[in-house]
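Geometric and topological summary
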Amino acid sequence: MLGIAIPELRPMNEPLIHRLVMASLIVFILTAAIPFVPGAEIGFALLLMFGGQASPIVYAGMVGALLLSFTVASFVPLPVLSRFASLLRLKRTASFLNDLASTPLQDRANVVSGKLDSRFGNLMVKNRYIVLALLLNLPGNSVLGGGGGLAFMAGISGLYRFWAYLISVLIAVAPFPLIFLVLGQ
């Protein structure tokens, strides 16, 4: 059984090892995309175990997980989420989600900044891509659902455009894999 789980590194086992690595990457992406799963910590553990050679895989996995969570969330209907919040007796959350659902995408930033302290809220909404990148790297972001939860909220909100979100995620995820890549050489 151990030979199947961890095969010896031989030229004839290379296709099997390649499949194991790809399967592991897919599992990593799927699990890290789930809110409240510590995807960044799993990626960091992989970097500590395998060093700089795992950096591109960990980087691709984290970016893929954040994109998956964002994309799935963008297809979740807000009224359904509002009803779920109502079932959980989260009345203010349900009301906020109803407000967002009835607001066109281009006006949602005003709704969100109106719910926050005016000056600070406006600053955060105007710089939302930078705020998201900072939150993704902030220790303790697990309170907000970790990277998967933040990506999910970004997708649901409708405040983030895909390409700008992708660029901010590419930048936000880069520091640790890049450090390990440079120091691992």
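Scoring rules and cut-offs
- Residues numbered from 1 in each chain as written.
- Predicted model: local features only at pLDDT ≥ 70, side-chain atom pairs only at ≥ 80, totals over all residues.
- Heavy atoms only, no water.
- Axes fitted to C-alpha atoms, helices over the stretch in contact; angles between N-to-C directions.
- Helix = DSSP H or I, 4+ residues; strand = E, 2+ residues; numbered from the N terminus.
- Parallel < 35°, antiparallel > 145°, perpendicular 65-115°, else oblique.
- Contact = heavy atoms within 4.5 Å.
- Nonpolar A, V, L, I, M, F, W, Y, C, P; charged D, E, K, R; others polar.
- Buried < 20%, exposed > 50% of the residue type's maximum accessible area, 1.4 Å probe, protein only.
- Arc of directions from axis to C-beta.
- Core = buried A, V, L, I, M, F, W, Y, C linked by side-chain atoms within 4.5 Å.

The next point concerns the packing of helix H3 (residues 39-50) against helix H12 (residues 175-184). The geometry of H3 relative to H12 is characterised by a closest axis approach of 11 Å and an angle of 0° between their N-to-C directions. By the criterion of interaxial angle, the relationship of H3 to H12 is roughly parallel. Counted together, Phe-44, Leu-47 and Leu-48 of H3 and Phe-176, Pro-177 and Phe-180 of H12 form the full contact between these two elements. Grouping the constituent residues of the contact of H3 with H12 by class yields six nonpolar, no polar and no charged.

Turning our attention to the side chain of Ser-168. The topology assignment puts Ser-168 in helix H11 (residues 162-173). Assessed through its relative accessible area of 9%, Ser-168 is described here as buried. Other than its neighbours up to four places away in sequence, Ser-168 contacts Tyr-129, Leu-132 and Ala-133.

Quick look at helix H9 (residues 128-137) now. Buried within H9 are the following residues: Leu-132, Ala-133 and Leu-136. Looking down the long axis of H9, one finds its buried residues gathered within 100° of arc, a one-sided arrangement. Seen from the buried face of H9, the exposed residues on the opposite side, beyond 90 degrees, are Ile-130 and Leu-134. Considering only its buried residues, H9 is in contact with helix H4 (55-74), helix H10 (146-157) and H11.

Our next topic: unusual backbone geometry. In this structure, Phe-36 takes a positive phi of about 75° despite not being glycine. For Phe-36, the location among the structural elements is in the loop between helix H2 (14-32) and H3. Backbone geometry at Arg-89 places phi at a positive 65°, although glycine is not the residue there. Considering the arrangement of structural elements, one finds Arg-89 in the loop between helix H5 (78-87) and helix H6 (91-101).

So, on to the nonpolar core. Judged by nonpolar contacts, the single largest core of 34 residues is most densely connected at Leu-66, Leu-132, Leu-136, Tyr-160, Tyr-165 and Val-169. Among the elements of the structure, H2, H4, H5, H6, helix H7 (108-115), H9, H10 and H11 are those that each provide at least two residues to this core. With seven residues, the top contributor of residues to this core is H4. Those residues within four positions of Tyr-165 in sequence are excluded, and the remaining contacts are Leu-66, Leu-67, Phe-70, Tyr-129, Leu-132, Ala-151, Ala-154 and Tyr-160.

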